[in-house]
Amino acid sequence: MQYYSLNKNAPKTSFADAVISGIAPDRGLYFPDNITPLPESFFDSIESLDNTEIAYQAIQQFIGDEIPESELRDILNDVLNFDFPVIDIEDNIGTLELFHGPTMAFKDVGARFMARCLGYFNRNKKSQVTVLVATSGDTGGAVANGFLGVNGVNVVILYPSGKVSEIQEKQLTTLGQNITALEVDGVFDDCQDMVKTAFLDASITDHMQLTSANSINVARWLPQLFYFLFAYKQIKHKNKDVVFSVPSGNFGNICAGIVAQKLGLPVKHFIAATNSNDTVVRYLKTSSYEPKQSIATISNAMDVGNPSNFVRIQQLFNNSIDSLKDKFSAYSFTDPQTKEAMLSIFNESGYIPDPHGAVGYLGLKKHKIEADQYGIFLETAHPVKFLDIVEETLQTSVEIPTQIQKVIDKEKHSTNINNYEELKEFLLNTYSK
């Protein structure tokens, strides 16, 4: 499989080089040269396949022979060693829980998959790779956990000061070893802009190998397509058209779902459910893409004003807004609406949602799921990661899972930076050859 830059001003490259580079030399995101649908027999028999087999058949074409089958199956077995259950909430609405991994967020799969791929590609090299990543909340913890102790890999995580939850902050600032957290005076978009700028700064890249573990990296982004296949396996017996509502910030997760659809997954419609950061919602209304600075909300992992992966979604629909609107909708919701939805879900079903899942639920409600459809909203993080908001809104207590107990009392270690020049100085002083 070859990958090309969506800016179309860089040479095509292999999966391995796309993973190691993170972003193309022309600052474009890498995209697979082609997507070949899986045979109908795969979907006909999906209930009989275990998750590793489903994942292997889905991802293999994107990797080709760059990772041998036995190694790739071992990676997938290791990455997918927890559950992805669909829980019924209402008669025709359920939630896909993606928070049963080590950091209790959906990004565990992509971060762990990428870490193991990078470890495989770097196995015989003596050089160091520095993973530079921006986070609006859950990415940092997932990447830190996934790459912890990986030989030859250093991880630098940029996060916006005061704009992630306490538990999220503990997950990315307490591990030590090869993990470093940089606390940025700004918002997520500032962190993301610094990361993208660093990749193309020769005064840095001449002295170290940088890569990204944000969903701009193909090895972080593509494995998220597994979720939609796992969900379909569980609800296929309902014999209803499936509609997915995905809480969306950087739009990598929903973009991967659309790739699953291109592979043949029978999905009726995709809904991008956002908070007040409504760039894509406005685009679908006006046909004008006008990013704006992100706004802090209670669903902070979606506080993204200029979602990187939307350009990939546009490519999947051949840059036709009419084709996009046929299969894809986007709706925006405020914090008060999110809290109201959390309370409604809890009161009606006893289920405790996190703010992001509640936004996904609102997307289904606004779209109006019909009797012959089954709507699935993604629960992307455990409610404990937003403990204050959840307990205050629902007036109930949330049990602290073991994964969180391990970090909650650890001491935070971070370095404060205010601008790109301070990031450059830190990288060169710490990691240059």
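Residues numbered from 1 in each chain as written. Predicted model: local features only at pLDDT ≥ 70, side-chain atom pairs only at ≥ 80, totals over all residues. Heavy atoms only, no water.

Enquirer: Describe in detail the pairing of strand β6 (residues 129–134), supporting the description with residues and values.
Expert: Most of β6 sits out of view: 6 of its 6 residues are buried. Neither face of β6 is exposed, since V129, V131 and V133 on one face and T130, L132 and A134 on the opposite face are all buried. Strand direction decides the pairing type here: β6 and strand β7 (residues 153–160), joined by 6 bridges, are parallel. Residue V131 lies in a different strand from β7, and its bridge partner there is V155. Two strands pair when backbone bridges link them, and β6 and strand β9 (residues 209–211) are joined in this way by 3 bridges, in the parallel orientation. Bridge assignment links T130 to a residue of β9, and that residue is L210. (Buried < 20%, exposed > 50% of the residue type's maximum accessible area, 1.4 Å probe, protein only. Helix = DSSP H or I, 4+ residues; strand = E, 2+ residues; numbered from the N terminus. Pairing = 2+ DSSP bridges.)

Enquirer: Just give me the short version of the pattern of salt bridges, but keep the residues and values in it.
Expert: A full pass over the atoms with the stated rule returns 12 salt bridges. With a shortest N-O distance of 3.0 Å, D33 and K12 are connected by a salt bridge. One end of the pair, D33, is in the loop between β3 (30–32) and α2 (40–44); the other, K12, is in the loop between β1 (2–5) and β2 (13–14), and 21 residues separate them in sequence. A relative accessible area of 47% means that K12 is categorised as partly exposed. Among the ionic pairs, R282 bridges to D278, the shortest N-O distance being 3.0 Å. A relative accessible area of 16% places D278 in the buried class. One salt-bridge network, in which partners are shared between bridges, spans E53, E69 and R73. (Salt bridge = Lys/Arg side-chain N within 4 Å of Asp/Glu carboxyl O.)

Enquirer: Pulling in residues and values, what's your account of the packing of aromatic side chains?
Expert: Counted according to the given criterion, the structure contains 20 aromatic pairs. Pairing F84 with F230 gives two aromatic rings, centres 5.1 Å apart and planes at 45°, and the pair type is tilted. With F84 in the loop between α4 (69–79) and β4 (86–90) and F230 in helix α11 (residues 225–235), the pair connects residues that are 146 residues apart, well separated along the chain. Centroid distance F228 to F270: 6.1 Å. Interplanar angle 70°. Geometry classified as edge-to-face. Linking F228 in helix α11 with F270 in strand β11 (residues 267–274), this pair joins segments that are 42 residues apart in sequence. When its relative accessible area of 0% is taken as the criterion, F228 is described as buried. (Phe/Tyr/Trp six-rings, centres within 6.5 Å; stacked < 30°, edge-to-face > 60°.)

Enquirer: I'd like a rundown of the environment of F82, residues and numbers included.
Expert: Relative to the helices and strands, F82 resides in the loop between α4 and β4. Linking F82 and P25, residues 57 residues apart in sequence, is a C-alpha distance of 36 Å. Not counting chain neighbours up to four residues away, the residues in contact with F82 comprise H100, G101, P102, D108, V109 and R112. (Contact = heavy atoms within 4.5 Å.)

Enquirer: Just give me the short version of the pairing of β1, but keep the residues and values in it.
Expert: Where β1 lies against β2, 2 bridges are found, and the strand directions are antiparallel. Bridging across to β2, Y3 finds its partner in T13. One ladder, built from 3 bridges, connects β1 with β3; its direction is antiparallel. Each residue of the ladder has a partner; that of Y4, found in β3, is F31.

Enquirer: Go over the nonpolar core with me, naming the residues and quoting the values.
Expert: What tends to happen in soluble globular proteins is that the nonpolar side chains get buried as a cluster. By size, the foremost hydrophobic cluster in this structure holds 129 residues, and its most contacted members are F113, L158, L225, F244 and F328. Not counting residues up to four positions away in its chain, the partners in contact with F328 are F251, I254, I258, H269, F270, A272, V280, L284, F310 and I313. Core analysis: the second largest hydrophobic core is formed by 30 residues, I93, M104, F333 and F377 among them. (Core = buried A, V, L, I, M, F, W, Y, C linked by side-chain atoms within 4.5 Å.)

Enquirer: Report on the environment of E290, specifying residues and quantitative values.
Expert: As for its placement among the helices and strands, E290 is situated in the loop between α13 (279–286) and α14 (310–316). Remark: the alpha-carbon pair of E290 and M208, spanning 82 residues in sequence, is separated by 34 Å. Residue contacts for E290: discarding those within four places in its chain leaves T279 and R282. In this structure the side chain of E290 is engaged in a polar contact, spanning 3.0 Å, whose partner is the side chain of S288. (Polar contact = N/O pair within 3.5 Å; in protein donor to acceptor, adjacent residues only side chain to side chain.)

Enquirer: Can you explain the sheet that holds β2? Please cite residues and give values.
Expert: The antiparallel open sheet is built from 3 strands, whose spatial order is β2-β1-β3. Strands at the two margins of the open sheet, each flanked by one partner only, are β2 and β3.

None of this, on its own, says anything about what the molecule does.
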